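Observations on the three-dimensional arrangement
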Amino acid sequence: MSAPLISKKKLSKKRISKKKTLALVIGSALSSTTLADTQLRVTPSQMVQGGNGLIQTPTARMRDEGGMAINYTDNGEYRFWSVNIQLYDWMEATARYTDVRTRLYSQVESFSGDQTLKDKGLDVKFRLWKESYYLPDISVGFRDFGGTGFFESEYVNASKSIGPFDFHLGLGWGYLGTADDITNPFCEVKDSFCERPGGFSGRGGKVDYDQFFKGTTAFFGGVEYQTPWEPLTLKLEFEGNDYSRDRAGRLEQDSRWNVGAVYRYKDFDFSLNYQRGNTIGFGVTYRFNMNTASQIKFDDAPRNLMGRNAPSDVKDVNKSRLYNDLYNSGGFILSDAEIKEDSATFYGTQVKYRDQDEAMERVGRVAASELPDSVKTYHMVDNRGGLPLVDTQIDAEAFISAARYESVDADITETYVRTSPSEEVMEAYDPENTSGLFYSADFFFTQSFGNPEDFFLYQTGVMLNGGYALNENFSVMSSARVTLLDNFDKFNYLVDGEDVSLPRVRTRVREYVSENDVWLDTAFLHYKDNIAEDLYAQAYAGYLETMFAGVGGEILYRPVDSNIAYGIDINYVKQRDPYSQTGLEDYDAITGHASVYWQPEFLDGTQITVSAGQFLAKDKGVNIDYAKRFDSGIIVGAYAAFTDVSSEEYGEGSFTKGFYISIPTDLFLLEPSKGRGLFPWVPISRDGGQLLRRPSRLIDLTEVRSPFYD
């Protein structure tokens, strides 16, 4: 029996069917890859030393702006505590403490006790190119650039994601380049790049620019895999360090390959790794975002103007209700008011709402509901310390129209302008009560890390503030510090047994703190005034801070909503006797600075303060303060003072530096609030580059004129 013949037509149909099936399979695979690419992307996590990375090596990745990660890792000979902050979407910074288990704090056993060696380090990383469809993220970074050089490195690296995989490749110098894979490419440019100067200069803390991108060079990199189980990410790493120059001593390395895993649970990351072919490490990270941090508020809605039933004449205004509602609904405490036929002026202080636009909308709605249509302009004059500082002029008709949504593009913020109070507005200001008592109580907390006596020194308690205002210009002010808990009695700094080369203007802190559970911090006479347009002045005399008394004055030029302000202060001070609440010692000094306060337009939410002059120890130089504000109102800042004091004279740390975080209290409250809590971190407190802690600063008093902290 012969086999049946298959027609060419049927054969063609079968081939087409196979092609369709193959196309469906390929299409399904591609769509699955596309789906994986959109759903299974690696989320950056922290490396051992802090910062976005694999295990021992950084990646080019950045997180969302405002991201903060607080880390602890245990890694054999080392323990690391670090804080990583994504300051901008193109820049991250890391502050780190390292505990070296194999070394004592110093070579003098009696000085170290059982305290192991502690090291501070700072890292920064900048993104040069943002990842696109074809090109990777490219970043350049500097590790431990301002410390003792334990892990000093520079690197350039790239990161590219493909579906659930994130690939990384970098080139490192310094600590990251000790494996010496290739010849330093910069050697071709200049011979000095072929060798890296050893050690670190001074007493630590200095930036050794002369070492950047010098010496041996090595490749590093790896891959991260986001598993189908969302909480788990796996890591494989090839590092560029051979551990031959570690501060903990030469460490055995059986392999340059490291493996690890990160498990995410809510806001925590738990990491486990196997390094060098012989060491198990682990860590935990707590992360949150300072831009998106918020707190639910229970607050009355702003006044509704849809059913507005305003009086027909100024004579019919219920002033008592109006004034009370300005506070109850708008958080605006009145000190004076003037209502005329065509305008109304309200002098007061905003005490409830940090958001300037929210505050103005609320008080504007109250005014609009209680004032007749004949009143065309509302003046909301914000005072501080009795001084009218900003006049917000509201166009009543435009405001009411926007508040009632009479136009699809209605914008209340366009219905008012902020200006300096005019002479007419200033002359009309006549508050009934310009004198009287005032008082408050604040929680305080100070801390210092990395001291030989104890890794963590702290002081916490209550600051009791009070005074009497003689009028809007003169007042007597005072504050008392009540210490509840502290361990500064352990602090025994005597310049590590060396001769003192600087007056001890700050290192006598133990005497002031541990000997006085209750201490008169300040008691002074204060004068302030607006002496010309946009120009403010103050003078003060008395006990100005914990350690110094004296007299001083300041002037400040600050236009409304300007991104720059200028100030000068000058002070004559004498050191206070720590064993007498009112006694003074022989040491005196003239200290003062010319300052520029700048909020650059190209750096969103940033304020940079540069102050040049003479410090408390009579050293001369400049103090630079950098502060970054996030959408939640949280502010993180850092400062450093560079003076004519050498690093040897200054001592450990080489120069004064510190960090701080300012947190709005309403992030913890269910009602709106304008208070703040300040948490400083001073790595090492020495005597060079120390500012007088003036009891009053005009930049703070005039904050409402160009808000940054408010």
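The text that follows walks through the structure, step by step, so that each part is easy to find. Because the structure is a prediction, the values reported are computed rather than measured.

1. A short note on the overall build of the protein chain
When you go through the protein chain residue by residue, the secondary structure sums to nine helices and 30 strands. Taking all 710 residues of the protein chain together, the buried fraction comes to 50%. Taking the intrachain contacts of the protein chain between residues at least 6 apart in sequence as the baseline, contacts between residues at least 24 apart amount to 58%. As presented, the protein chain carries roughly 33900 Å² of accessible surface, and 57% of it is formed by carbon and sulfur atoms.

2. Some thoughts on the side chain of Lys 125
The topology assignment puts Lys 125 in strand β4 (residues 116-129). Residue Lys 125 is classed as buried on the basis of its relative accessible area of 0%. At 3.0 Å, the side chain of Lys 125 and the backbone oxygen of Arg 61 are in polar contact. Setting aside its immediate chain neighbours within four residues, Lys 125 contacts Asn 52, Thr 59, Ala 60, Arg 61, Met 62, Trp 90, Met 91, Glu 92, Ser 139, Val 140, Gly 141 and Tyr 155.

3. A closer look at the nonpolar core
Ranked by internal contacts, the top residues of the largest apolar core, which has 26 residues, are Leu 322, Leu 326, Ile 339, Phe 346, Leu 371, Tyr 378 and Met 380. The set of elements that each furnish at least two residues to this core consists of α3 (319-328), β13 (332-339), β14 (343-350), α4 (356-370), β15 (377-384) and α5 (396-403). Ignoring anything within four residues of it in the chain, the contact list for Leu 371 reads Arg 308, Ala 310, Pro 311, Val 317, Leu 322, Ile 339, Ala 344, Phe 346 and Tyr 378. By size, the runner-up hydrophobic cluster in this structure holds 22 residues, among which are Met 68, Val 124, Met 290 and Ile 634.

4. Quick look at α5
Within α5, the full set of buried residues consists of Ala 396, Phe 399, Ile 400, Ala 402 and Ala 403. One side of α5 carries all its buried residues, which in axial view fall inside an arc of 165 degrees. Taking the backbone nitrogen of Glu 397 as reference, a side-chain oxygen 3.3 Å away marks Asp 395 as the first, capping residue of α5. Within two residues after α5, Tyr 405 carries a phi angle of roughly 55 degrees, on the positive side.

5. Looking at the pairing of strand β29 (residues 656-664)
Extensive coverage of β29 is indicated by the burial of nine of its nine residues. Residues of β29 alternate between two faces, with Thr 656, Gly 658, Tyr 660, Ser 662 and Pro 664 on one and Lys 657, Phe 659, Ile 661 and Ile 663 on the opposite face, all of them buried. Where β29 meets strand β30 (residues 676-681), six bridges bridge the pair, whose relative direction is antiparallel. Bridge pairing links Ile 661 to Phe 679 in β30.

6. Here's the deal with empty space enclosed by the protein
With the rule as written, the count across this model stands at eight cavities of 30 Å³ or more. Here the element with the most residues in the lining of the largest cavity is strand β11 (residues 268-275); it accounts for five residues. What the second largest cavity holds in volume is close to 130 Å³. Taken together, 13 residues make up the lining of the second largest cavity; nearest its centre are Phe 332, Gln 350, Gln 356, Met 360 and Asp 382. Within the residue set of the lining of the second largest cavity, elements represented by two or more residues are α4, β15 and β16 (387-395). Considering only residue class, the lining of the second largest cavity consists of eight nonpolar, three polar and two charged.

7. Considering a negative patch on the surface
Taken together, the side chains of Asp 355, Asp 357, Asp 409, Asp 411 and Glu 414 present a region of like negative charge at the surface. As for its placement among the helices and strands, Asp 411 is situated in the loop between α5 and β17 (416-419).

8. Description of the packing of aromatic side chains
Counted under the stated rule, the structure contains 32 aromatic pairs. Their ring planes at 50 degrees and their centres at 5.8 Å tell us that Tyr 97 and Trp 681 sit as a pair that is tilted. With Tyr 97 in strand β3 (residues 91-104) and Trp 681 in strand β30, this pair connects stretches of sequence that are 584 residues apart. The exposure class of Tyr 97 is buried, given its relative accessible area of 5%. Their ring planes at 80 degrees and their centres at 6.5 Å tell us that Tyr 175 and Tyr 243 sit as a pair that is edge-to-face. With Tyr 175 in the loop between β7 (165-174) and β8 (217-226) and Tyr 243 in the loop between β9 (232-238) and β10 (257-265), the pair connects residues that are 68 residues apart, well separated along the chain. When its relative accessible area of 1% is taken as the criterion, Tyr 243 is described as buried. Through a chain of ring-to-ring contacts, the aromatic side chains of Phe 142, Trp 173, Phe 186, Phe 193, Tyr 209, Phe 212 and Phe 213 assemble into a single cluster. The ring of Phe 193 carries Lys 214 above its face, with NZ or CZ at 5.8 Å from the centroid. Of note, Lys 628 hangs over the ring of Phe 630, and the distance from its end group to the ring centre comes to 5.5 Å.

9. Structural notes on the sheet that holds β11
Around the barrel, 12 strands lie side by side as β1-β2-β3-β4-β5-β6-β7-β8-β9-β10-β11-β12; this closed barrel has antiparallel pairing. The mean angle between the axes of side-by-side strands here comes to 20 degrees, regardless of whether they run parallel or antiparallel. Direction of pairing for β3 relative to β4: antiparallel, over a ladder of 11 bridges. Along β4, the bridge assignment pairs Arg 96 with Gly 121.

10. A word on the state of the cysteines
Under the defined criterion, the tally for this structure stands at one disulfide. Through a disulfide, Cys 187 is tied to Cys 194; the S-S separation comes to 2.3 Å. In this structure Cys 187 comes out as buried when scored by relative accessible area, which is 12%. On the basis of relative accessibility, which here comes to 31%, the residue Cys 194 falls in the partly exposed class.

11. So, the pairing of β13
Across seven bridges, the pairing between β13 and β14 is antiparallel. Across the sheet, Phe 332 pairs through a bridge with Gln 350, a residue of β14. Counted along the chain from β13 to the antiparallel partner β14, the turn is three residues long.

Quick notes on the rules
- Residues numbered from 1 in each chain as written.
- Predicted model: local features only at pLDDT ≥ 70, side-chain atom pairs only at ≥ 80, totals over all residues.
- Heavy atoms only, no water.
- Helix = DSSP H or I, 4+ residues; strand = E, 2+ residues; numbered from the N terminus.
- Buried < 20%, exposed > 50% of the residue type's maximum accessible area, 1.4 Å probe, protein only.
- Contact = heavy atoms within 4.5 Å.
- Areas by Shrake-Rupley, 256 points an atom, 1.4 Å probe, with all protein chains shown as cover.
- Polar contact = N/O pair within 3.5 Å; in protein donor to acceptor, adjacent residues only side chain to side chain.
- Core = buried A, V, L, I, M, F, W, Y, C linked by side-chain atoms within 4.5 Å.
- Arc of directions from axis to C-beta.
- Pairing = 2+ DSSP bridges.
- 1 Å grid on protein atoms, 1.4 Å probe; cavity = no way out; pocket = protein on both sides within 12 Å on 5 of 7 lines; lining within 4 Å.
- Points joined across faces, edges and corners; volume = space filled by probe spheres on them.
- Nonpolar A, V, L, I, M, F, W, Y, C, P; charged D, E, K, R; others polar.
- Patch = residues over 30% accessible without salt bridge, like charges linked within 9 Å, V, L, I, M, F, W, Y side chains within 5 Å.
- Salt bridge = Lys/Arg side-chain N within 4 Å of Asp/Glu carboxyl O.
- Lys, Arg positive; Asp, Glu negative; His and termini not counted.
- Charge placed at Lys NZ, Arg CZ, Asp CG, Glu CD.
- Phe/Tyr/Trp six-rings, centres within 6.5 Å; stacked < 30°, edge-to-face > 60°.
- Lys NZ or Arg CZ within 6 Å of the ring centre and 35° of its normal.
- Axes fitted to C-alpha atoms, helices over the stretch in contact; angles between N-to-C directions.
- Disulfide = S-S within 2.5 Å.

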